[in-house]
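# Survey of secondary and tertiary structure
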Amino acid sequence: CDDGNTAAGDGCSATCTVENGYTCTGMPSVCTMGQPVTGTCTAPINLTLTGTGDLTATLTGDTTTGTSQVGDAACDGFGPEGGAHDKIFKFTTTDVRDLVIEIDSTVTMHGAIIRLMTAPCDLTTEIPEYTGAEDGCADIEGAGFLGYVNRPAGTYYIVVDGYQAGEDGPFQVNLKAKLPGCGNGMADPQLDFCDDGNTMNGDGCNSNCEVEMGWNCRT
């Protein structure tokens, strides 16, 4: 925002960020108090999945206009990460889906991370991607995506954050809720570690297409 001054307390701060509880529009910015602040733990941004078959949604925004709702925690086995401002999104699936949540590094600020939870901002509900995974977080320096096989129908929450305080900016995250593919004999490079053409356990490749303990699977 930029309201033509560097005064604090009028909705647009001295550093031209939108202050808590305000909504700012236009240039010069006009800021009003009491408008709904979305992208927070109590008011996540609702996503609508669209398409036929595989469903998609795009998450866009700017964490500069947010606050730090979710604190630091481990990410991809490193960290803690996530001390910057963040935005919270919410989506619902009505059947079993494979989920891919991917940071678009071509349009996203440096230092972005994503988390997936079953309750808004509750790190204890973060969903590990696979058996034995450290967490349900991915950062742009690593793979830049989260992948889940056979997630049940339900409501999920995505947090878009930055590595550390001050790493804020615009972002784009792409969400795919794909029809389940584990067990078709064709391993998905973003989701499957193996695919032996079935979803049985005990044969080396389990029902979530993960290599079972003590086994070695080849394509």
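It should be noted that the structure appears before, not after, this text.
The rules behind these values
Residues numbered from 1 in each chain as written. Predicted model: local features only at pLDDT ≥ 70, side-chain atom pairs only at ≥ 80, totals over all residues. Heavy atoms only, no water. Disulfide = S-S within 2.5 Å. Helix = DSSP H or I, 4+ residues; strand = E, 2+ residues; numbered from the N terminus. Buried < 20%, exposed > 50% of the residue type's maximum accessible area, 1.4 Å probe, protein only. Salt bridge = Lys/Arg side-chain N within 4 Å of Asp/Glu carboxyl O. Pairing = 2+ DSSP bridges. Axes fitted to C-alpha atoms, helices over the stretch in contact; angles between N-to-C directions.

## Thoughts on the state of the cysteines
- Inspection of every chain in the model, using the stated rule, returns six disulfides.
- Each sulfur in the disulfide pair Cys182 and Cys209 lies 2.1 Å from the other. For the disulfide bridge between Cys182 and Cys209, the dihedral angle about the S-S bond is near 105 degrees, and by the sign convention the bridge is right-handed. Placement of the pair is Cys182 in the segment after β13 (170-178) and Cys209 in the segment after β13, with a sequence separation of 27 residues.
- For Cys182, a relative accessible area of 11% puts it in the buried group.

## A short note on the pattern of salt bridges
- Scanning all chains against the criterion turns up three salt bridges.
- With a shortest N-O distance of 2.9 Å, Asp95 and Arg97 are connected by a salt bridge.
- According to the relative accessible area criterion, Asp95 is partly exposed, its value standing at 32%.
- The shortest N-O distance in the salt bridge between Lys178 and Asp188 comes to 2.7 Å. Here Asp188 lies in the segment after β13 and Lys178 lies in strand β13, a separation of 10 residues in the sequence.

## Topic: the sheet that holds strand β4 (residues 55-62)
- Strand order across the open sheet formed by four strands is β4-β13-β8-β11, with antiparallel pairing between neighbours. Of all strands in the sheet, those bounded by a partner on one side alone are β4 and β11 (145-151). Within the sheet, the average angular offset between the axes of one strand and its neighbour, ignoring direction, is 10 degrees.
- Where β4 and β13 come together, eight bridges link them in antiparallel fashion. For Leu59, the partnering residue across the bridge sits in β13 and is Val173.

Purely spatial values, then, with no claim about function.
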